[in-house]
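Chain residues, written in single-letter form:
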Amino acid sequence: MNPETARSVQRAAEKGTQRCILPGCRAVFALRERIYVCPRCGGPLEIECNLDATGDAPALREKWKARAASDDPRDRSGVWRYREILPFEDVERVVTLLEGNTPLYDARRCAEYVGLHSLRLKHQGCNPTGSFKDTGMTVAVTQAVRLGASTAVCASTGNTGASLAAYSARAGLQCAILVPQGQITAAKLAQSMDYGAVVCEIDGNFDDCMRLIQELGDDPSIYIANSINPFRIEGQKTVAFELMQQCSWQVPDNVVVPGGNMGNSSAFGKGFDEMLRLGLIDRLPKLSIIQASAAAPLARLFASLDSTKPMDESQFPTDLAPVADPRTLATAIKIGAPVSWRKALRAVMKSRGQIITVEEQEIADAKAMIGRDGIGCEPASATTVAGIRKLVASGHIQRNEFVVAVLTGHVLKDPDYVSHYHRGTLMQPSHDGSRRPIEGAYRNAPEHVPATKKAILEKLLSRR
Ligand code: F0G
């Protein structure tokens, strides 16, 4: 057997392949190859799962529903429960913290705030390490173990690092995270320290950390766990499946996500696409991405395209002009050169969604409103509610449409931001060192109250 035939036989025995997404290349590689970009052209890779043997849609739905009641950790995980659509032949050993299984809430006050009859919030902050990253990390770290890697590494604005640190600890792998010094929240840093990672604080921003990661990927001892790694996207796409199950397979009109490095939006796009191919849904929801206005390279590119007409992938721009010095208080999405922009753009264009920006003030007030619904989230997540408000106002979303906003991180990921907002000391990010506070419309600062029953009752009366 010649080497090329041997390779294709091996590939056939696997549950899929890795494929370059660039229209001019489309090179194919085996799943077990430790690659993060196309070795032929440097383009982004994605996993092409073999979905033929998964069974029909009603059978899949029944199987996934039944597994939620099982005691097997692989069934209880909200990621491995959907293993038919994951690129693994066997799932004997997986690295799991029982991720996924996150709530879909009705948010009455937020609905009113954005001008909709109803609004649902899918809270990915309810994952084991408090962010959506866990759904991708369980798969990426499982693959790292299979490949015999000794060290898992990522660049991070905080959440990817915390998640990788936790899953590496579970797997007994060394973990190193590269974070921009002084630019990630204390809570995220604390998590990574606690989970035993080697925390490397780098002079520079997230994009500098990401460049370093791509250099490190050449080292045979290193396994990269950023979302350029297509296995991460495979895990994160299951969130779309879980969401649809929670919606009784009724397709929302719009699904809205924050945009940073663009792994999350890419994963939702892939998930919905596969569900359509499997006959689990009959149409795609519009997928829209919201960026912070001073960290919005993809929104800028999108604004330069004619999104009203269908666009073939071969007509996509070849480059994204990065934002050199991104600024936002939503530190999770303070990113100027998102690595997965092309996949995200493809998903938005295909579903006829939007990519827009919101201001710091809008993010802060939307976040407080999510709090008022008793839900809470970290600042980056609140871009969704702020963005939906704008999309309703501009007529892109109609008042009676079925809309889901994806919250990506827990409210306790950034308690300093929350406290400053409510005390009126949250300052706008600035280039010139000027200090301008955000005027929080929903401020709720603690107040001194004398230690008497009367004073407390009077205070309550005054606030009714
Ligand atoms: N929301 C939160 C809470 C995040 O942590 C991130 C990304 C995003 C949204 C954006 O998601 O990058 O997939 O578009 N955080 C990364 C990190 C960059 O390192 O934790 P994306």
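Summary of the structure given here. (Residues numbered from 1 in each chain as written. Predicted model: local features only at pLDDT ≥ 70, side-chain atom pairs only at ≥ 80, totals over all residues. Heavy atoms only, no water.)

### Focus: the site of the ligand
Neighbouring residues of the ligand: 21 residues in total, closest Thr157, Asn261, Met262, Asn264 and Thr408. Between Thr160 and the ligand, the recorded distance is 2.8 Å, taken from a backbone N or O atom to an oxygen atom. Considering the ligand on its own, with 470 Å² of exposed area, one finds that the protein chains cover 99% of that surface. Contributing elements (two or more residues each) for the shell around the ligand: helix H6 (159–171) and helix H10 (263–277). A per-class count over the shell around the ligand returns 7 nonpolar, 12 polar and 2 charged. (Near = heavy atom within 4 Å. Polar contact = N/O pair within 3.5 Å; in protein donor to acceptor, adjacent residues only side chain to side chain. Areas by Shrake-Rupley, 256 points an atom, 1.4 Å probe, with all protein chains shown as cover. Helix = DSSP H or I, 4+ residues; strand = E, 2+ residues; numbered from the N terminus. Nonpolar A, V, L, I, M, F, W, Y, C, P; charged D, E, K, R; others polar.)

### Notes on the nonpolar core
In this structure, Val255, Phe268, Phe272, Met275, Leu280, Leu298 and Leu345 are the most contacted members of the largest nonpolar core, which totals 89 residues. Not counting residues up to four positions away in its chain, the partners in contact with Phe268 are Val239, Ala240, Leu243, Val255, Val257, Leu287 and Val406. Grouped together as the second largest cluster of nonpolar side chains are 40 residues, Ala330, Ala382, Ile388 and Tyr421 included. (Core = buried A, V, L, I, M, F, W, Y, C linked by side-chain atoms within 4.5 Å. Buried < 20%, exposed > 50% of the residue type's maximum accessible area, 1.4 Å probe, protein only. Contact = heavy atoms within 4.5 Å.)

### Some details on the packing of helix H13 (residues 360–372) against helix H14 (residues 379–393)
Running from amino to carboxyl end, H13 crosses H14 at an angle of 100°, the nearest separation of the two axes being 7 Å. By the angle between their axes, H13 is roughly perpendicular relative to H14. Here Glu362, Ile363, Ala366, Lys367 and Ile370 of H13 lie close against H14, whose contacting residues are Pro379, Ala382, Thr383, Val385, Ala386 and Lys390. (Axes fitted to C-alpha atoms, helices over the stretch in contact; angles between N-to-C directions. Parallel < 35°, antiparallel > 145°, perpendicular 65-115°, else oblique.)

### Notes on the pattern of salt bridges
All told, the structure shown has 27 salt bridges when counted by the stated rule. Linking Asp75 and Arg83 is a salt bridge whose minimum nitrogen-to-oxygen distance equals 2.8 Å. Here the two residues Asp75 and Arg83 agree in accessibility, since each one is buried. Asp253 serves as the salt-bridge partner of Arg283, at 3.5 Å between the closest nitrogen and oxygen. Here Asp253 lies in the loop between helix H9 (230–246) and strand E10 (254–258) and Arg283 lies in the loop between H10 and strand E11 (286–292), a separation of 30 residues in the sequence. A relative accessible area of 36% places Arg283 in the partly exposed class. Judged by relative accessible area, Asp253 falls into the partly exposed class, the value being 23%. (Salt bridge = Lys/Arg side-chain N within 4 Å of Asp/Glu carboxyl O.)

### Observations concerning the sheet that holds strand E12 (residues 355–358)
With mixed pairing, the 6 strands of this open sheet are ordered in space as E4-E5-E13-E10-E11-E12. Taken across any chain shown, the strands that pair with only one partner, and hence form the sheet edges, are strand E4 (104–106) and E12. Going across the sheet, the axis of each strand differs from the next one's by a mean of 30°, ignoring polarity. Two strands pair when backbone bridges link them, and E4 and strand E5 (residues 120–123) are joined in this way by 3 bridges, in the antiparallel orientation. Paired with Asp106 across the two strands is Arg120, which belongs to E5. Contacting E4, E5, E10 and strand E13 (403–407), H9 runs over the sheet at an angle of about 135° to E5. Taken strand by strand, H14 contacts E5, E10, E11, E12 and E13, and its axis lies near 105° from that of E12. (Pairing = 2+ DSSP bridges.)

### Some thoughts on H6
Relative to the 18 Å expected for 13 residues at 1.5 Å per residue, H6 spans 18 Å between its end C-alpha atoms, a close match to the ideal helical length. Within H6, 10 of the 13 residues are buried, leaving the element largely enclosed by the surrounding structure. Those residues of H6 that are buried are in contact with helix H5 (133–146), strand E6 (151–155), strand E7 (174–180), helix H7 (186–194) and H9. One or two steps after H6, the chain reaches Gly172, where phi turns positive at roughly 75°. (Expected span 1.5 Å × (residues − 1).)

### A word on the sheet that holds E7
Across the sheet, 4 strands lie side by side as E8-E7-E6-E9; this open sheet has parallel pairing. Across the chains shown, the open sheet's two edge strands, defined by having one partner strand only, are strand E8 (198–202) and strand E9 (222–224). Between one strand axis and the next, the sheet turns by 25° as a mean value, whatever way the strands run. Pairing geometry for E7 and E8, over 5 bridges, is parallel. Bridged to Leu178 within E8 is Cys200.

### Here's the deal with the environment of Gly387
Looking at where Gly387 falls in the secondary structure, it is placed in helix H14. With 24 residues separating them along the chain, Gly387 and Ile363 place their C-alpha atoms 8.5 Å apart. When sequence neighbours within four positions are dropped, the list of residues in contact with Gly387 reads Ile290, Ile356 and Val358.

Everything listed here is a matter of coordinates, which is why it stays silent on function.
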